[in-house]
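# Descriptive analysis of the structure
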Amino acid sequence: MGMIGCYIRMDDENVKELQNGAELDISDNNHNMMDIDKSWHAIHFILSGKVWEIDEDNPLSQVVLGGVPVNDDDMGYGPARLLEKDLVKKAADALESWDEKAFRDGFSMDAMVENEIYPVMINENEEQFFQYVWSYFKEVKNFFRQAADCGQNIISFIY
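On the surface, Glu23, Asp25, Asp72, Asp73 and Asp74 cluster together to form a negatively charged patch. As for its position among the elements, Asp73 is in strand 3 (residues 68–74).

If you want it as structure tokens, here you go:
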């Protein structure tokens, strides 16, 4: 199955419930949830230029691996992380300028292979992999905009 990245849009009340021990709903019928498959690490690398590091002052660096643990529950690869609505808005605004050209300019298959970005393989077809990551990036961009427009927080996790 691999390491799958997920996001859930959530209001303040539901975040508080999670922080107080409620279980995170990751069912298929959660309409506020988005799965970005295995594209998460490549998206982080393209947006931040970093392998695992997060620049706290750069909202783009926060989009995939940022935020703070919402509680101690291990989702498979660590706890779910909370991106508070103010950060969601900053990230959504920063993502606005990222069109296909900007994304392609930040995309380097050689750099991803060299830095062991998941799930890139040495013999990966570059154009196919670009299209795969680009398709999920567009969903992430829209998801952040929706959350920002609704004043929602985002919970992210990898399982």
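Counted by the stated rule, this structure contains seven salt bridges. Taking the shortest distance from any N to any O, the salt bridge between Lys85 and Asp12 comes out at 2.6 Å. Of this pair, Lys85 sits in helix 4 (residues 85–95) while Asp12 sits in helix 1 (residues 12–19), placing them 73 residues apart in sequence. Classification of Asp12 by relative accessible area gives partly exposed; the value is 37%. A salt bridge links Arg104 to Glu127, with the nearest nitrogen and oxygen atoms 3.3 Å apart. A residue pair is termed long-range when its members are at least 10 positions apart, and Arg104 in helix 5 (residues 100–106) and Glu127 in helix 7 (residues 126–149) qualify at 23 residues.

Another aspect to go through is the packing of aromatic side chains. Per the counting criterion, the structure on display carries 16 aromatic pairs. Consider the rings of Phe129 and Tyr132, whose centres lie 5.9 Å apart with planes at 35°: the pair is tilted. Taken as a pair, Phe129 and Tyr132 lie in helix 7 at a separation of three residues, close to a single helical turn. For Phe129, a relative accessible area of 4% puts it in the buried group. With a relative accessible area of 22%, Tyr132 lands in the partly exposed category.

What counts and how
Residues numbered from 1 in each chain as written. Predicted model: local features only at pLDDT ≥ 70, side-chain atom pairs only at ≥ 80, totals over all residues. Heavy atoms only, no water. Patch = residues over 30% accessible without salt bridge, like charges linked within 9 Å, V, L, I, M, F, W, Y side chains within 5 Å. Areas by Shrake-Rupley, 256 points an atom, 1.4 Å probe, with all protein chains shown as cover. Salt bridge = Lys/Arg side-chain N within 4 Å of Asp/Glu carboxyl O. Lys, Arg positive; Asp, Glu negative; His and termini not counted. Charge placed at Lys NZ, Arg CZ, Asp CG, Glu CD. Helix = DSSP H or I, 4+ residues; strand = E, 2+ residues; numbered from the N terminus. Buried < 20%, exposed > 50% of the residue type's maximum accessible area, 1.4 Å probe, protein only. Phe/Tyr/Trp six-rings, centres within 6.5 Å; stacked < 30°, edge-to-face > 60°.

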